[in-house]
Amino acid sequence: MAKEIIELIVNGDRYEVAVEPWRTLAEVLREDLNLTGTKIGCNQGDCGACTVLMEGRSVSSCLTLAAEAHQREIVTIEGLAQGPEDLHPLQEAFVEHGAVQCGYCTPGMILSAKHLLDHNPTPSEQEIRQGLSGNLCRCTGYSKIVEAIGAAAAKMAPAGEGE
Amino acid sequence: MLLPRFEYHQPASLDEAVEVLGQYAGEAAVLAGGTDLLVNMKHQAMAPSHLVSLAGVEGLDQASADGGRVTVGPLMSAAVLAQSEFIAANAGALALGAAVLGSPQVRTRATVGGNVCNARPAADMSVPLLALGARAVLTGPDGQRQVDLEEFFVGPGQTVRAPGELLSALEMDAPAPGTGWGYQKLGLRKALEISLVNVAAALSLEDDGKTIKAARVALGAVAPTPILAPGAAEVLVGQAAGGDVFKAAGQKAAADAKPIDDHRGSAWYRREMVAVLTARALNQAWARAQGQ
Ligand SMILES: Cc1cc2nc3c(=O)[nH]c(=O)nc-3n(C[C@H](O)[C@H](O)[C@H](O)COP(=O)(O)OP(=O)(O)OC[C@H]3O[C@@H](n4cnc5c(N)ncnc54)[C@H](O)[C@@H]3O)c2cc1C
Ligand code: FES
Ligand code: FES
């Protein structure tokens, strides 16, 4: 069956890829673009390991056809740090607060947190937990993740907002 | 779990979409957000050989009001509906249901048209639409027809939509002044949960701000399709709004419900919860109808 040429804008870079229509965005990111920071866990929308931002909103890339991402802006975990020594405040907070154990859920957690903070820079603990309701972690028990996101929000909030 | 193979079509207009759908009648499925369809395909529950994506069809993701009629585009996502001031003001129950559907990731993609066409008895946007008195506008090779949502749902996963038809809009009457809405969802968990019971209510008050002019209560997960509770509406109309009459309506709604026992909850418990959630949804609707 014919492959379609699609154009993806991932972390600001433009890629042209030939994809079969049944391949998901998660598969194409990992296998064709070698952006393996995006994980595949359940492959059916339940766990959030595959979370990326599409046009600024979080999506499960395992339930999004690559073809449907044609000419859309995608942000993956690889797009957050400015350099090896220059982590995004969310990444820094995850490290500082011990919010990473095996790390499998971490890219998805951080992108869900970014989606949350982009729309609500000063979330309550309850709002943080709701923001993570599509992401499962089987290691940390969530508390440290919630703390890390709260700390990152405080650091990122413009002076005068939040605590 | 890989997706089975299929051919992908992205028509640029509604007419073209109907044409492509007709060309592959019986072998094609419509793709909106894919949060039901792609899961079902991964589970091999279905294997359409053609997917007709609506992503390229313009105008399906807009809402508008015109001459006393409110139109909601089928491609509007739960995330957009939950945040839209227009929807909050004109079809508030839908915004409330959309806000508690799935997870943030699911809400980005999940569309209202997909929720309705998928026809699950607990669907978080379908139950509110029933309380809003919505009509499904279907476009097919022979033109358009309108079906009241009550008649649209036939059974779990089953609707009156013909395979060659598209849901091209959802329509409803604009709300009367003094109308408010409520939505209550009970699950075993707080998120990512298909409801054990869900209830949507719409309540309109007379000019005196007290007497109930019109009411609709819709129930989810207590019958093979989302259903209306006509008994509840009946006891409400003409009465002064308040806790006692809402409680009575809850009892009537419980009588209208036809729940079953399953692994998620017993019929008895579901019926009890219909009564409780109906009263809560009505209270919520009342507060909003009074402009609070
Ligand atoms: C993790 C997860 C959690 C979920 N949680 C909830 C929940 O809490 N509450 C809830 O109600 N649902 C939930 N769902 C189900 C699903 O997200 C919703 O039903 C959603 O609204 C479906 O919309 P969609 O655009 O993704 O539909 P699709 O998957 O694209 O389509 C669903 C069906 O409708 C058909 N269809 C879609 N649009 C049209 C149209 N315009 N005309 C004709 N046919 C059409 C498709 O062919 C398909 O058969 C969940 C799903 C997942 C994966
Ligand atoms: S891998 Fe996509 S949600 Fe689990
Ligand atoms: S750190 Fe292991 S799954 Fe979250």
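Our subject is the structure listed above.
The rules behind these values
- Residues numbered from 1 in each chain as written.
- Chains lettered and ligands numbered in written order.
- Predicted model: local features only at pLDDT ≥ 70, side-chain atom pairs only at ≥ 80, totals over all residues.
- Helix = DSSP H or I, 4+ residues; strand = E, 2+ residues; numbered from the N terminus.
- Rg over C-alpha atoms; globule rule 2.2 N^0.38 Å.
- Buried ≥ 20, exposed ≤ 12 C-beta atoms within 10 Å, placed from the backbone.
- Contact = placed C-beta atoms within 7 Å.
- Core = buried A, V, L, I, M, F, W, Y, C linked by C-beta atoms within 7 Å.
- Near = placed C-beta within 6 Å.
- Nonpolar A, V, L, I, M, F, W, Y, C, P; charged D, E, K, R; others polar.
- Axes fitted to C-alpha atoms, helices over the stretch in contact; angles between N-to-C directions.
- Parallel < 35°, antiparallel > 145°, perpendicular 65-115°, else oblique.
- Left-handed = near helix turned anticlockwise from the far one by under 90°.
- Pairing = 2+ DSSP bridges.

Peer 1: Looking at this model, I keep getting lost on the overall build of chain B. Mind explaining?
Peer 2: Each helix and strand counted, chain B has twelve helices and 14 strands in total. By the compact-globule yardstick of 19 Å for 292 residues, chain B fits well, its C-alpha radius of gyration being 19 Å. In terms of overall dimensions, chain B has C-alpha extents of about 55 × 45 × 30 Å along its principal axes. Scored against the burial criterion, the 292 residues of chain B give a buried share of 52%. Taking all contacts inside chain B whose residues are at least 6 apart in sequence as the whole, residues at least 24 apart take part in 65%.

Peer 1: Can you walk me through the nonpolar core in this structure?
Peer 2: In summary, soluble globular proteins display a tendency toward joint burial of nonpolar side chains. Residues and elements named next belong to chain B. Within the largest apolar cluster, 146 residues are counted, with the highest numbers of intra-cluster contacts made by Leu94, Ala201, Val217 and Val274. Top element by residues in this core is helix H12 (residues 267-289). It accounts for ten residues. Not counting the four nearest positions on each side in its chain, alanine 201 is found in contact with Ala131, Trp181, Gly182, Val217, Thr278, Ala281, Leu282 and Ala285.

Peer 1: Which parts of the structure should I look at to understand the site of ligand 1?
Peer 2: The environment of ligand 1 is made up of 32 residues, and the closest members are Gly45(A), Gly33(B), Gly102(B), Gly114(B) and Asn115(B). Where the shell around ligand 1 is concerned, the elements lending two or more residues are strand E2 (28-31), helix H2 (37-42), helix H6 (104-109), helix H7 (112-118) and strand E10 (166-173) of chain B. Class assignment for the residues of the shell around ligand 1 results in 17 nonpolar, ten polar and five charged.

Peer 1: Help me understand the packing of helix H2 (residues 89-96) of chain A against helix H5 (residues 143-156) of chain A, please; the structure alone is not making it clear to me.
Peer 2: A pair of packed helices is captured by two measures, namely the crossing angle of their axes and the spacing between those axes. Residues and elements named next belong to chain A. At their nearest, the axes of H2 and H5 sit 8 Å apart, and the two run at 135° to each other. The orientation of H2 with respect to H5, classified from their angle, is oblique. Of the two possible hands of crossing, H2 and H5 adopt the one that is right-handed. The segment H2 lies against H5, with Pro89, Leu90, Ala93 and Phe94 engaging Ala148, Ile149, Ala151, Ala152, Lys155 and Met156. Taken together, the residues of the contact of H2 with H5 break down into nine nonpolar, no polar and one charged.

Peer 1: Teacher, can you tell me more about the interface of chain A and chain B here?
Peer 2: A common way to express how large an interface is: the accessible area buried when the components associate. Every contact between the two is made by 25 residues of chain A and, on the other side, 23 residues of chain B. At the level of elements, strand E4 (57-60), helix H3 (106-119) and helix H4 (125-131) of chain A are the ones that each hand at least two residues to the side of chain A that touches chain B. Of all the elements, E4(A) adds the most residues to the side of chain A that touches chain B, at four residues. Its residues assigned to classes, the side of chain A that touches chain B comprises seven nonpolar, 15 polar and three charged.

Peer 1: Is there a simple way to think about the sheet that holds E10(B) in this case?
Peer 2: Paired through their backbone hydrogen bonds, the strands of a sheet run either parallel or antiparallel. Residue and element names in this part refer to chain B. With respect to topology, five strands assemble into an open sheet ordered E4-E5-E10-E6-E7, the strand pairing being antiparallel. The sheet terminates laterally at strand E4 (63-66) and strand E7 (143-148), the two strands that pair on one side only. On average, each strand axis in the sheet is tilted by 25° relative to the strand beside it, whichever way the strands run. Relative to strand E5 (residues 69-72), E4 is paired through four bridges, and the arrangement is antiparallel. Its bridge partner lying in E5, alanine 63 is registered against valine 72. Against the sheet, helix H1 (residues 14-23) contacts strand E6 (135-140) and E10, and its axis sits at roughly 130° relative to E10.

Peer 1: Mind showing me how you'd approach the environment of Ala215(B) here?
Peer 2: Among the structural elements, Ala215(B) can be located in strand E13 (residues 212-220). Sequence separation between Ala215(B) and Leu81(B) is 134 residues, and the spatial gap between their C-alpha atoms is 23 Å.

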